[in-house]
Amino acid sequence: MAIYPIRQFGDPVLRQRAREIEDVDGALVRLVEDMYETMYEAPGVGLAAPQVGVERRLFVYDIGDGPNAIMNPVIVESRGEWSYDEGCLSIPGLSWNVVRPNEVHLRGISLDGEEIDIEADELLGRCFQHEMDHLDGILLVERLDVEQRKEAMAILRNRVLNVEPSVY
Ligand code: NI
């Protein structure tokens, strides 16, 4: 198992729409194991493949019930509203209160090829929506309101400029 460096805000890989997964091979199974390891090390409750530089529609999560991986996920329905202080492993140290639907119905495929159907609310629902965004190249900053976003961009612009080129 290996721990990946997590791609950070400013990395173009985080802005791409990830491609569907067509088949599960040994390399994909290893990727999932490594993503679990990387998520726990961070630590975080979810991690999407683009965050480790892999442009595939896959994310892993664990909100306390053990690790899970979902491939080619789709949100088929969402309901309600929930305000939550949301952060992102690709934008460490920052979080914002963001309103999103509370409940989502997520459909996807497990590593065993089984269809997955999950009704999730609160933290799990938020985690699913956040990781889905990563697969579409959308970052948390795009979910902020005008004021939050202005502040965020000021901090992040500074941060990106101060990163040594060798770190990329
Ligand atoms: Ni994130």
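Details of the structure are given in the entry above.
These figures come from a predicted structure and were not determined experimentally.

Reading the values: the criteria
- The numbers attached to residues start from 1 for each chain and follow its sequence in the written order.
- Local features in this predicted model are restricted to residues of pLDDT 70 or higher, and side-chain atom pairs are both shown and tallied only at a pLDDT of 80 or more, whereas totals for entire chains, interfaces and linings draw on every residue.
- Processing note: side-chain calculations cover all non-hydrogen atoms of the structure and skip hydrogens and water entirely.
- Residues belong to a common nonpolar core when they are buried Ala, Val, Leu, Ile, Met, Phe, Trp, Tyr or Cys residues joined through side-chain atoms within 4.5 Å.
- Relative accessibility decides the category of a residue: with a 1.4 Å probe and only protein chains considered, values under 20% of the type maximum give buried, values over 50% give exposed, and everything between is partly exposed.
- Strands here are runs of E lasting at least two residues and helices are runs of H or I lasting at least four, both read from the DSSP assignment and numbered beginning at the N terminus.
- For this analysis, residues touch if any pair of their heavy atoms sits within 4.5 Å.
- Here, a strand pair is defined by DSSP locating no fewer than two bridges between the strands.
- The axes used here are C-alpha line fits, helices contributing only the stretch in contact, and every angle between their N-to-C directions lies in the interval 0 to 180 degrees.

Peer 1: Looking at this model, I keep getting lost on the nonpolar core. Mind explaining?
Peer 2: Taken as a class, soluble globular proteins show a tendency for nonpolar side chains to be buried jointly. One finds Met35, Leu47, Leu58 and Val60 to be the most contacted residues of the largest nonpolar core, which totals 16 residues. When residues of this core are traced back to their parent elements, those giving at least two are helix H1 (26-41), strand S2 (58-61) and strand S3 (68-79). Per element, the largest residue contribution to this core is six residues, and it comes from H1. In this structure methionine 35 touches Leu47, Ala48, Ala49, Val52, Leu58, Phe59 and Val60, once residues within four positions along its chain are discounted.

Peer 1: Can you walk me through the sheet that holds S2 in this structure?
Peer 2: Sheets are built from strands paired through backbone hydrogen bonds, the pairs being either parallel or antiparallel. Across the sheet, five strands lie side by side as S1-S2-S3-S6-S7; this open sheet has antiparallel pairing. Whereas interior strands pair on both sides, the edge strands pair on one side only; in this sheet they are strand S1 (46-48) and strand S7 (115-120). Adjacent strand axes in the sheet meet at a mean angle of 40° when their direction is disregarded. Here three bridges tie S1 to S2, and the two strands are oriented antiparallel to one another. Across the sheet, the residue bridging to leucine 47 is valine 60, located in S2.

Peer 1: Whenever I open this one, unusual backbone geometry confuses me. Can you help?
Peer 2: Leaving glycine aside, a negative phi is the common case for residues, and trans is the common case for peptide bonds. The residue after alanine 42, namely proline 43, is reached through a cis peptide bond having omega -10°. Structurally, proline 43 can be placed in the loop between H1 and S1. Of note in the backbone geometry, glutamate 122 takes a positive phi value of approximately 45° without being a glycine. Here glutamate 122 lies in helix H2 (residues 122-135). Classification of glutamate 122 by relative accessible area gives partly exposed; the value is 41%.

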